[in-house]
Amino acid sequence: MALTGGPCIQQSITLIIFLFLYFLYLFLGAIIFQHLESEREFYLRSQYEIYRSQFLTNYSCMDEKSLELYVQKLFIDYKNGIIPPGKTTMWTWDFLGSFFFCLATVTTIGYGNFTPNTVGGRFFCVIYSFIGIPLNMAVINCIGQNILLLVQRIAEIGYQRAIRMLTNVCALALGVLFFLLLPPLLFREIEGWTYDESFYFSYGTISTIGYGDFVIGRIPDNLYPL
């Protein structure tokens, strides 16, 4: 009787190798991020401690516990979309903000800068995302298929490998241009970010990572188009 364990053993070895590389990649990434970010975090923490100490000294009527409670309240309000002192021209749940939330939901970006706080809103969010996420995937797939078909038709005109390669490169260049290079210019003008911040936001959006550290409509006193 022939042994059939060979392919299974090979797949197991491949899985182990991939898992090792995966966790090694995560481990190395953690080391690099710690090296890049920890110094600034330490600086910001020390500046906060200095500011808190000066604040308590200047306003002796407020004790440390009251100050911490106030800071926690500010943090919760900001997470819920209320930006002190509340002068922003873009409301969290106006039509534009709601549309932005719907887009972040169906694209699975999930910035997390604001979320539904009512029972009805959360329940509807579950149903809405359950239908909207597959719909979004179908639309993206349809767009990709049409772009691929267009590239293939252009390539078939000359029946040459060079033309196919050129059309693929052009398609890639146009995609990078319209989705990564041009949007930061718009965000820079509207949000007042630098180009690198705008590019970082665009990439986080396109890749559906959605860290939430840069989101639109969060700058007080900024005049947003309605």
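What counts as what
One numbering rule holds for all chains: residues counted from 1, following each sequence as written. In keeping with the predicted nature of the model, local features appear solely for residues at pLDDT of at least 70, side-chain atom pairs appear and are counted solely at 80 or more, and the whole-chain, interface and lining totals rest on all residues. Think of the side-chain values as coming from all heavy atoms in the structure, minus any hydrogens and water. UniProt positions are given in the numbering used here, feature names are shortened, and annotations may be inferred rather than shown by experiment. Only buried Ala, Val, Leu, Ile, Met, Phe, Trp, Tyr and Cys residues count toward a nonpolar core, and they belong to the same one when joined by side-chain atoms within 4.5 Å. Exposure is judged per residue with a 1.4 Å probe applied to protein chains only, and the accessible area is read against the type maximum: over 50% gives exposed, under 20% gives buried, and values in between give partly exposed. Going along the chain from the N terminus, every DSSP run of H or I of four or more residues is numbered as a helix, and every run of E of two or more is numbered as a strand. Throughout, a residue-residue contact means that at least one pair of heavy atoms, one from each residue, lies within 4.5 Å. Points on a 1 Å grid, built from protein atoms alone, make a cavity when a 1.4 Å probe fits but cannot get out and make a pocket when they are open with protein on both sides within 12 Å along at least 5 of 7 lines; residues with an atom within 4 Å of a point are the lining residues. Grid points are joined across faces, edges and corners, and a volume is the space filled by probe spheres set on the points. Side-chain atoms alone can form a polar contact between residues adjacent in sequence; in general such a contact is a pair of N or O atoms within 3.5 Å, and within protein one must be able to donate a hydrogen while the other accepts it.

As annotated in an unreviewed UniProt entry, the protein chain is Potassium channel domain-containing protein from Hymenochirus boettgeri. On record in UniProt, under Subcellular location (unreviewed entry), the comment for the protein chain is "Membrane".

(A) Structural view of the nonpolar core. One finds Phe 100, Phe 101, Ala 104, Ile 109, Tyr 111, Phe 114, Cys 125, Phe 187, Trp 193, Phe 201, Val 215 and Ile 216 forming the largest nonpolar core, which totals 12 residues. Top element by residues in this core is helix α3 (residues 95–106). It accounts for 3 residues. Sequence-distant contacts of Cys 125, that is, excluding residues within four places in its chain, are made with Phe 101 and Pro 116.

(B) Broad picture of the layout of surface pockets. If you add up the space inside the second largest pocket, you get close to 180 Å³. Here the element with the most residues in the lining of the second largest pocket is helix α7 (residues 195–206); it accounts for 3 residues.

(C) Seen up close, the side chain of Thr 107. Take Thr 107: it is sitting in the loop between α3 and α4 (119–156). From its side chain, Thr 107 meets the backbone oxygen of Leu 103 in a polar contact 2.5 Å long. Beyond its immediate chain neighbours, meaning those up to four positions away, Thr 107 contacts Asn 136 and Thr 208.

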